[in-house]
Amino acid sequence: MQNDLQSCPYCGNSGLHVQGGNDHVHFICCPSCGGRGPNMPISTEPSMLPHLQSDSLMHTVINEAPDIILLKDWNGRFLLCNSALARLYGSTPEQMVGKSDADFNPDQDQVRFYQENIQAVMRSGVVQIIEETSTDVATGEPRYFQSIKKPLKRPDGSDCILVIAHDVTELKHAYALLEQKEKRYDYAMEAAGEGIWDWDILNDRVLHNYKWCELLGLDDALTEHPMSALGVLIHPQDRNGMMATVQQALDGDGTYAHEHRMLRTSGEVVWVYDRGRVVEYDEAVQPRRMVGSISDITARKMAERRLEEASQQVTQANEQLEKLVAERTAELAKANRELQILARRDALTGVGNRLQLEEWLFGLSRDRSAVVIMLDIDHFKRINDRYGHKMGDRVLKTVAQCLTEHVRRDDLVARMGGEEFLLVLTGVDMNQALAVVEKLRAHIETLDMLPEADQHITASFGVATLSDNDFDHAMARADEALYEAKHRGRNRVVASPLG
Ligand SMILES: Nc1nc2c(ncn2[C@@H]2O[C@H](COP(=O)(O)OP(=O)(O)OP(=O)(O)O)[C@@H](O)[C@H]2O)c(=O)[nH]1
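Okay, so let's go over this structure. All values derive from a computational prediction rather than experimental measurement. (Residues numbered from 1 in each chain as written. Predicted model: local features only at pLDDT ≥ 70, side-chain atom pairs only at ≥ 80, totals over all residues. Heavy atoms only, no water.)

This brings us to the sheet that holds strand 18 (residues 459–466). By definition, the strands of a sheet pair up through backbone hydrogen bonds, in either a parallel or an antiparallel sense. In spatial order, the strands read 16-17-15-18-19; together these five strands make up an open sheet with mixed pairing. Each of the sheet's edge strands pairs with one partner strand only, and the pair in question is strand 16 (412–417) and strand 19 (493–495). Each strand of the sheet is rotated relative to its neighbour by a mean of 20°, with strand direction disregarded. Judged from the eight bridges that link them, strand 15 (residues 370–377) and strand 18 form a sheet pairing that is antiparallel. Bridge pairing links Ile377 to Ala459 in strand 18. Those strands touched by helix 14 (residues 471–487) are strand 15, strand 16, strand 17 (420–426), strand 18 and strand 19, and its axis lies near 150° from that of strand 18. (Pairing = 2+ DSSP bridges. Helix = DSSP H or I, 4+ residues; strand = E, 2+ residues; numbered from the N terminus. Axes fitted to C-alpha atoms, helices over the stretch in contact; angles between N-to-C directions. Contact = heavy atoms within 4.5 Å.)

Okay, structure coming up:
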């Protein structure tokens with residue numbers, strides 16, 4: 001092994017040491033400045049760092065640097081490289097000098113790119129930052145670098161390039177992972193059909209996913225809005241309630257859920273279910289960030305409204321039905337009452353009939369004195385025969401009215417058939433009753449109904465007291481007395497001899 005160099009090309013020191021290498025290349029080392037390089041004549045194959053005034057400290061820094069540091073000539077041969085690159089290529093800095101990437105990197109595309117790229121940078125003469133990929137020879141895995149490439153001139157004027165490559169593989173993996181996570185999150189949100197919002201409270205900015213924009217008919221490229229611009233998207237009638245709910249959440253436990261209407265850009269109303277939660281607080285425990293989502297519940301709200309309307313209609317129909325039933329029931333009750341009254345009235349004269357008589361007697365107090373009077377219009381057949389039945393009917397009605405007007409309200413007036421009437425006067429004795437009946441008789445006689453002036457209506461009366469509540473007996477005696485009145489010449493009142 002022979003040292004071809006006479007002195008160090010950097011500091012001129014002549015005491016150079018041979019350091020090792022292989023059969024083809026061995027290395028010299030300058031103990032004065034720390035410069036190293038293959039042992040070749042400088043004029044034919046310059047290979048050491050041209051401008052650096054290297055010292056051993058600099059050499060150590062370069063060699064131990066975590067970033068790849070290398071120097072290449074125009075043809076891509078390494079003039080210098082550090083341990084970081086040597087490790088990647090499974091070699092040593094010394095062994096790599098004079099060789100190129102093709103000697104280590106199995107990926108020919110990468111090798112071609114390096115070569116074309118360094119020549120392009122050297123031609124440009126300016127520093128460039130390049131994103132590039134290399135291959136870890138030991139594992140075969142790709143490594144990603146951000147490389148600063150600075151073109152330089154060697155002492156002989158030829159081109160070379162300094163490359164400092166920072167390994168960004170882990171960072172890239174982290175970004176890829178993050179991107180993957182974000183994508184997964186986006187897919188999940190898309191699948192859920194949720195409009196997501198993220199409110200930076202301090203800076204008053206709200207970020208949205210595209211679904212949120214789509215839901216409100218907004219341009220989905222504008223995923224960031226100031227909070228103030230969003231207020232107008234809430235339906236005016238729901239705005240205050242919604243804002244109060246959010247404020248309550250900010251002041252309280254940080255969560256809320258609210259249903260309200262929002263306005264699409266088309267003016268269409270969309271119902272949303274909006275949920276939010278404070279996810280970050282500052283040192284003063286003031287909310288700093290709130291996130292949440294909205295979902296379209298228009299269809300549900302419409303269905304609820306239809307249900308409510310239908311329910312209201314049913315309620316209204318029920319109320320109308322109930323009212324109708326109540327009206328009909330009242331009408332029926334009234335009709336029934338009228339029927340009850342009619343059933344107890346004589347159809348022609350309107351006074352009571354036998355049914356009313358029975359009921360009236362049933363309700364009559366035992367202790368109350370009463371007098372039974374039978375009345376029969378005299379020669380009624382003649383009236384019918386002479387003036388016709390219509391006149392006969394009028395006479396019956398007039399006499400009935402006369403009877404009703406001349407007795408007390410709680411006395412009974414009933415038509416027993418034909419021209420025969422029954423009176424029951426209560427709270428009177430025989431004498432008082434006879435006085436009333438006499439008045440009646442006289443009054444009937446004065447009724448001026450018949451067309452012939454000399455013809456008068458008269459009636460005969462039989463009177464008997466009601467004792468021991470034996471009505472049938474009292475009626476029989478009144479009937480006998482009536483017969484007697486007829487017999488004596490009519491138009492008179494006869495009291496039963498039995499009282
Ligand atoms: N217009 C009319 N006539 C009736 C009605 N009910 C009975 N009559 C008639 O009344 C008449 C009663 O006649 P009678 O029983 O002979 O008695 P009267 O002619 O009054 O003779 P006296 O009772 O003896 O005075 C009959 O001709 C019946 O047809 C009625 O509702 N309307």
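Glancing now at the site of the ligand. Inspection of the region around the ligand gives 16 residues, with His379, Phe380, Asn384, Asp393 and Arg415 positioned closest. Separating an oxygen atom of the ligand from a backbone N or O atom of Ile377 is a distance of 3.1 Å. At 3.1 Å from an oxygen atom of the ligand is found a side-chain nitrogen or oxygen belonging to Glu419. Here the ligand loses 66% of its free accessible area of 650 Å² to cover by the protein chains. At the level of elements, strand 15, helix 11 (380–387) and helix 12 (389–406) are the ones that each hand at least two residues to the shell around the ligand. Class assignment for the residues of the shell around the ligand results in three nonpolar, five polar and eight charged. (Near = heavy atom within 4 Å. Polar contact = N/O pair within 3.5 Å; in protein donor to acceptor, adjacent residues only side chain to side chain. Areas by Shrake-Rupley, 256 points an atom, 1.4 Å probe, with all protein chains shown as cover. Nonpolar A, V, L, I, M, F, W, Y, C, P; charged D, E, K, R; others polar.)

Looking now at the packing of aromatic side chains. Under the defined criterion, the tally for this structure stands at two aromatic pairs. Ring centres of Tyr89 and Phe104 lie 5.4 Å apart, and the angle between their planes is 15°; this geometry places the pair in the stacked category. Highlighted residues: Tyr89 in the loop between helix 2 (83–88) and helix 3 (93–96) and Phe104 in the loop between helix 3 and helix 4 (108–124), separated in sequence by 15 residues. By relative accessible area, which is 3% here, Tyr89 ends up buried. Exposure remark for Phe104: the relative accessible area of 14% places this residue in the buried category. Ring centres 6.5 Å apart and planes at 65° place the aromatic pair Phe113 and Tyr114 in the edge-to-face group. When its relative accessible area of 35% is taken as the criterion, Phe113 is described as partly exposed. We classify Tyr114 as buried; its relative accessible area is 7%. Its guanidinium or amino end placed over the ring of Tyr144, Lys172 lies 5.3 Å from that ring's centre, counting from NZ or CZ. The side chain of Lys301 reaches across the aromatic face of Trp271, ending 4.6 Å from its centre. (Phe/Tyr/Trp six-rings, centres within 6.5 Å; stacked < 30°, edge-to-face > 60°. Buried < 20%, exposed > 50% of the residue type's maximum accessible area, 1.4 Å probe, protein only. Lys NZ or Arg CZ within 6 Å of the ring centre and 35° of its normal.)

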